[in-house]
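What follows is the residue order along each chain.
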Amino acid sequence: MPNDTKILNGASHRSLLSKQDAHTQKRNSAEKRFRIYGMVALSIGVLFLIFLFASILRSGLPAFTQTVVNVEFVVSQEEFNKAESKMLKTKAYQDIFVAALNAELEKRNVEIAYDKKTIERIVGKPGGTIRSYFTEDPSRVGRLAAFELTASSRVDGYFNGRVTRESLVDSRFLKAVDLDLVDALHASGIIRQAFNWNFITGTDSGVDNPGGAGLGASVIGSFFMMLVVLFLSLPIGVAASIYLEEFAPKNRWTDFIEVNISNLAAVPSIVFGILGLAVFIQFAGLPQSAPLVGGLVLTLMTLPTIIISTRASLAAVPPSIRDAALGVGASKMQSVFHHVLPLAMPGILTGTIIGLAQALGETAPLLLIGMVGFVAREYPDGFMSGFTDANSAMPAQIYTWASRADPGFYEKAWGGIIILLLFLITMNAIAIILRRRFERRW
Amino acid sequence: MREEINVETDVAVNNVKISAKDVQVFYGDNHAIKDVTVEIEDKTVTAFIGPSGCGKSTFLRCINRMNDTIDVCRVVGDIRIDGENIYDPKIDPVQLRAKVGMVFQKPNPFPKSIYDNVAYGPRIHGLARNKAELDEIVERSLRSGAIWDEVKDRLHAPGTGLSGGQQQRLCIARAIATEPNVLLMDEPCSALDPIATAQVEELIDELRRSYSVVIVTHSMQQAARVSQKTAFFHLGSLVEYGETSAIFTNPIDPRTESYITGRIG
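Residues numbered from 1 in each chain as written. Chains lettered and ligands numbered in written order. Predicted model: local features only at pLDDT ≥ 70, side-chain atom pairs only at ≥ 80, totals over all residues. Heavy atoms only, no water.

### Quick word on the overall build of chain A
What counts is decided by this rule: A run of H or I in DSSP becomes a helix once it reaches four residues, and a run of E becomes a strand once it reaches two; helices and strands are each numbered from the N terminus. Based on C-alpha atoms, the radius of gyration is set beside the globule rule, defined as 2.2 Å times the residue count to the power 0.38. Think of it in three bands: with a 1.4 Å probe and only protein chains considered, a residue is buried below 20% of the maximum accessible area for its type, exposed above 50%, and partly exposed in between. Here, Shrake-Rupley sampling with a 1.4 Å probe gives the accessible areas, and only protein chains in the shown set may cover a residue. Under the counting rule used here, the positive set is Lys and Arg, the negative set is Asp and Glu, and His together with the chain ends is not counted. Where a charge sits is defined by one atom per residue type, namely NZ (Lys), CZ (Arg), CG (Asp) or CD (Glu).
In terms of regular secondary structure, chain A is built from 19 helices and three strands. Whereas a compact globule of 442 residues would reach a radius of gyration of roughly 22 Å, chain A reaches 32 Å, over 25% beyond that. Overall, the C-alpha framework of chain A stretches about 105 × 75 × 40 Å when taken along its three principal axes. Burial analysis of chain A (442 residues in total) assigns 42% to the buried set. Only carbon and sulfur atoms are counted for the fraction: they give 64% of the accessible area of chain A, which is about 23,900 Å². Charge separation in chain A, taken as the distance between the mean sites of 41 positive and 36 negative side-chain charges, equals 10 Å.

Structure below.
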């Protein structure tokens, strides 16, 4: 052994290639160790990602289903006239509904004791809904009407596992014994789970009605904000970058501007929010909570991102292309617009879409311009009012839901996050597709 | 305007295309070109030789004012093409560059089709009134660039898909398409293999019939093969200028001799 060591240390380069010397062994094991560190780091990252997606899906998917009560019955002309002549009209319809439900249960030979209050606790008071169905179109009277009524959020929670008999001991909204009826109705197919379209297309509901809450209006709000961001930040950002990168002299002023653009990219978004509140709402008098203001604030926030990525992709265009254009007598502007800009386009588009995606998920500035703290119950009536009417935006709506007391809103918030993530994934996919497309042209 | 100048040219200068007088170039504080005075003849290939960093490319780029694009670069002195001072404030560098074509060291076709590469210059200068005329210009330029036969069947294929030598000839065709008077070539063969180099050199010899060609080269053999006049630059100064045969066989300045025999550079 000592003899061996001497050979390895003294004349390593003369030793056999098939036999690794100490130095090589050390180097190889260091390399192997580093590779293992990398793989461990990667697996931790992947694990976190899986955990994140699993928990989002687990908590958010119930928001997309809705417990509904299906009842079919006929309201005869006499019943209709009688109900309409009463003082408490909706109560009369409520009674018709309860009777119909009784009939359904009898038809299925289900025997269970319950009272009117139980039914109210399970489906609320659908009398008004039923009445307006008939008064809207009186020809519906006398014909078979099928109703799909949404069950209360506690019943929803019971099916999602959020509500149990034990947790209902002190509840005044739903009693543990009511669940016997729920089970019976479920077994007989009167209560079932349906896809909750209202969650995607509907508007926000009041604080006590998580079942009726939908993200639709705030998706529209976000859409109008993104229109503002796209049509302001893309031209301004690209024009600023082209000027800075291609035309501006390199001096202390442009250096100063450059440094500050990088600084702006790092400014916390809430600062842009309070700036927007002060400048756009308090000073310029633009309407509060409007997607227009939100879009302006997010434009300020997105501009540095777009400018930085656009400048990087302009700088990546080889100078030989500029020389070639200038060499055949193109002006500076021709060389930029005919040759440099088309080559930089994939990078610019990618940067813009990434900036938009970032803006889409931004919440903090929206809090300050009043996009939370009210119930966005209405869709805008037209294209122009889409910019100026008070509306919420997806992340602001999710924030609003998350801060409401009813646990039913908790799963709505998670469901909203799923929709938001779908939008972001779509945008990133578009960015990737556009980049591939443009790069493949040659 | 042009007529007038031509008259002046015929009378005042005898076959001299470019005349530079006391040209100084500064890169910031660095004095890159010192007192260069040279007269370059029409319908002649003039080679600029010299060791790296001697200023030959810098001087070449003064002739079509490509140095304007470098912020810190400053040119002093007088360069005249056909008697007109190209550093006159009234001169538009863009117009100048259409008259003085340039071919660069690395082939740099636009990432467009072969046709569009050649047609770009005529298009922006409005040299063709219609598609037929443009087609004609493209064909003529590609023929002059000695590449027509190789690309005539794939004019709409990307220019970047050609081989290095073909790309460089395409760039020459592109430079010719704007109908320049002078063609500047900045080491046009340094990125090419010997066969492509031979083709380009042959082309340069052809071009001599119609243009005043100025070529910067590192290869003294190339200078000897293609040029009629040679200028030797050293450390920013023009050391010696004369007939190529005289420079290579009987140099006057000892520095030229050292360079040619391989002792400096």
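### Section: the side chain of Thr352 of chain A
Convention followed: Contacts: residue pairs with any heavy atoms within 4.5 Å of one another.
With respect to the helices and strands, Thr352 of chain A occurs in helix H15 (residues 332-360). Once residues lying within four places of it in the same chain are set aside, the contact partners of Thr352 of chain A are Leu230, Leu234 and Ile306 of chain A.

### Regarding helix H18 (residues 394-402) of chain A
Residues and elements named next belong to chain A. Within H18, seven of the nine residues are buried, leaving the element largely enclosed by the surrounding structure. Met394, Pro395, Ala396, Gln397, Ile398, Thr400 and Trp401 are the residues of H18 that are buried. Buried residues along H18 sit in contact with helix H9 (197-201), helix H10 (216-247), H15, helix H16 (364-368) and helix H19 (407-439).

### Thoughts on the pattern of salt bridges
Basically, it comes down to this: Here, a salt bridge means any Lys or Arg side-chain nitrogen found within 4 Å of an Asp or Glu carboxyl oxygen.
Scanning the model with the defined rule gives 33 salt bridges over all chains in all. A cluster of three or more residues bridged by salt bridges with shared partners is formed by Arg165, Asp180 and Asp183 of chain A.

### Digging into the packing of helix H14 (residues 319-327) of chain A against H15 of chain A
Residues and elements named next belong to chain A. Stated formally: All axes here are fitted lines through C-alpha atoms, helices being fitted over the stretch that makes contact, and every angle between N-to-C directions spans 0 to 180 degrees. Here is the rule for handedness: rotate from the far helix to the near one, and if that takes an anticlockwise turn smaller than a right angle the crossing is left-handed, while a clockwise turn gives right-handed.
Put simply, H14 and H15 touch, their axes get as near as 9 Å, and they point 145° apart. Where H14 crosses over H15, the handedness of that crossing is right-handed. On the side of H14, the interface is formed by Ile321, Arg322, Ala325 and Leu326, while H15 contributes Lys332, Ser335, His339, Val340 and Leu343.

### A short note on the packing of aromatic side chains
Threshold: Note on ring pairs: Phe, Tyr and Trp rings are taken, using the six-membered ring of Trp, and paired if centres are within 6.5 Å. Classes follow the plane angle, with under 30 degrees stacked, over 60 edge-to-face and the rest tilted.
The full count for this structure, using the stated rule, is 20 aromatic pairs over all chains. Ring plane angle 55° and centroid distance 5.1 Å describe the contact between Phe48 of chain B and Phe233 of chain B, whose orientation is recorded as tilted. In this pair, Phe48 of chain B sits in strand S3 (residues 45-49) while Phe233 of chain B sits in strand S9 (residues 229-234), placing the two residues 185 residues apart along the sequence. With a relative accessible area of 1%, Phe233 of chain B lands in the buried category. On the numbers, 5.4 Å between centres and 75° between planes, the contact of Phe110 of chain B with Tyr120 of chain B is edge-to-face. Taken together, the positions of Phe110 of chain B in the loop between strand S6 (100-103) and helix H4 (114-125) and Tyr120 of chain B in helix H4 put the pair 10 residues apart, joining distant regions of the chain. Assessed through its relative accessible area of 0%, Phe110 of chain B is described here as buried. Here the aromatic cluster, defined as three or more aromatic residues joined through ring pairs, consists of Phe64, Phe195, Trp197, Phe199 and Trp401 of chain A.

### Comments concerning the environment of Glu362 of chain A
All names here are of chain A. Here Glu362 lies in the loop between H15 and H16. Judged by relative accessible area, which is 16%, Glu362 ranks as buried. When near neighbours in sequence (up to four residues on either side) are disregarded, Glu362 contacts Ser269, Leu298, Met301 and Pro395.

### A word on the interface of chain B and chain A
Test applied: Summed over both partners, buried area is the accessible surface (1.4 Å probe) that two parts give up on being assembled. Here a polar contact means two N or O atoms within 3.5 Å. Within protein one must be a hydrogen donor candidate and the other an acceptor candidate, and residues neighboring in sequence count only if both atoms are side-chain atoms.
Contacts between chain B and chain A engage 24 residues on the former and 18 residues on the latter. Contact between chain B and chain A buries roughly 1,700 Å² in total, counting both sides, with carbon and sulfur atoms accounting for 65%. Scanning the region where chain B abuts chain A turns up zero salt bridges. If you look at where chain B meets chain A, you find five residue pairs in polar contact (both at pLDDT 80 or more). When residues of the side of chain B that touches chain A are traced back to their parent elements, those giving at least two are helix H3 (93-99), S6 and H4 of chain B. It is H4 of chain B that provides the largest number of residues to the side of chain B that touches chain A, a total of four residues.

Bear in mind that shape data such as this cannot, by itself, settle questions of function.
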